[in-house]
Amino acid sequence: LQQADVEDALRTREDSQRKGKDQEGEFLLLDREETVQQALVKLRQWNVISAPLVSVAEGGQDYVIVGIVDVVVILQGLVQDLDRNEGKNNQEGAVRQFFQKKLVELPNWFRDGGFFLVPWNGDAVPSLLEVIQNVFLTKWPPWTNHRAVILNEQGLVGDILTQTDIVRYVYEHMHELGELAKTPIKELQLATVWNTPIATLPKSTKAIDAFRLMLKEYMSAYPIVEEVGGPLLGNISTSDLRGFLPEQVNDLELPVIAFLQRHENRALVPITCIEDDSLSVLLSRMVKHRLHRIYIVDGRGAPVGVVTMTDILRILV
């Protein structure tokens, strides 16, 4: 990681993995004058959970990055508006009004750990170790950083480096990890595995209550179980709000499983590992299935821990 640099990680992408970037190489940028609804539709279309928020100069050619909008920022604003209107009859009207807000009106643009700006020129490309230590393992309290904007010489977005890029690079250079690659998960001393009981949600939990809990506990996802201590049924995360429309507000009252079945075109049961699986097995499943977290389950299929990409980066430095 000391010898590898940002460009090495970016080169490992396949065309299908260049999220947030179109065929012409342009990135998704959200204008601060766009509405919440426009942003959610674009995030869904581009298959990303966040994008730089920009102020576009007159004429529409140049822009200045003023922040970052992601699904959690939108969720925070939505929950606040719903709570203010709790008990009133026109919840859908309140949601419609929220979805027409301009992005500039949302609270806390810098979330998702903050879009850290990592400028470089040809002589000073940061090493992956530097980026991991100074960006991805540096908290923007209380959140963890997940991505970094790479500026070009004009100060515009040249690329966006994510945790996924780095984990994929590590996976493709697994042979350099030596014995670490063969180490069982249970021996990696990961903070999010087994130190404390993993927080789960019973399948009867309403979707809106799950999202509220994510905000309260600063979590981006929860495993869903039949009942406490039961087998893993699914996973609900903030990204499940992408593409959400105001007329779907009543769906937030659905149990989490029903909400996911209605809004997500994917298998509900997550890819898992067991504690005896090696780091190489975990990395393989994480990269091949494009996951940000993998739940660790016991012999009954009940979740006993979770390994995130942030955990992976911590054990590498």
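Residues numbered from 1 in each chain as written. Predicted model: local features only at pLDDT ≥ 70, side-chain atom pairs only at ≥ 80, totals over all residues. Heavy atoms only, no water.

Taken together, the five bridges between strand S11 (residues 293-297) and strand S12 (residues 303-308) define a ladder with antiparallel strand orientation. Bridge assignment links Ile294 to a residue of S12, and that residue is Val307. Linking S11 to S12, which pair antiparallel, is a turn of five residues; within it Gly301 sits at a positive phi near 85°. (Pairing = 2+ DSSP bridges. Helix = DSSP H or I, 4+ residues; strand = E, 2+ residues; numbered from the N terminus.)

This part takes up the packing of aromatic side chains. Counted by the stated rule, this structure contains four aromatic pairs. Relative to Phe244, the ring of Phe99 has its centre 6.4 Å away and its plane inclined at 50°; by these criteria the two rings are tilted. Of the two residues, Phe99 sits in helix H4 (residues 91-99) while Phe244 sits in the loop between strand S9 (232-237) and helix H8 (256-263), which places them 145 residues apart along the sequence. According to the relative accessible area criterion, Phe244 is buried, its value standing at 3%. Arranged with centres 6.2 Å apart and planes meeting at 35°, the rings of Phe244 and Phe259 form a pair that is tilted. One end of the pair, Phe244, is in the loop between S9 and H8; the other, Phe259, is in helix H8, and 15 residues separate them in sequence. The exposure classification of Phe244 matches that of Phe259, with both residues buried. By way of ring pairs, the aromatic residues Phe98, Phe99, Phe211, Phe244 and Phe259 are connected into one cluster. (Phe/Tyr/Trp six-rings, centres within 6.5 Å; stacked < 30°, edge-to-face > 60°. Buried < 20%, exposed > 50% of the residue type's maximum accessible area, 1.4 Å probe, protein only.)

Let us now look at the nonpolar core. Ranked by size, the top nonpolar core spans 42 residues in total, and within it Ile74, Phe211, Ile236, Leu252 and Phe259 carry the most contacts. Counting residues per element, this core draws most heavily on helix H3 (residues 71-84), which supplies eight residues. Not counting residues up to four positions away in its chain, the partners in contact with Ile74 are Val36, Ala39, Leu40, Leu43, Val69, Phe98 and Leu106. Val6, Tyr169, Leu282 and Met309 belong to the second-largest nonpolar core, a separate cluster that totals 36 residues. (Core = buried A, V, L, I, M, F, W, Y, C linked by side-chain atoms within 4.5 Å. Contact = heavy atoms within 4.5 Å.)

No statement about biological role is implied by the geometric values presented.
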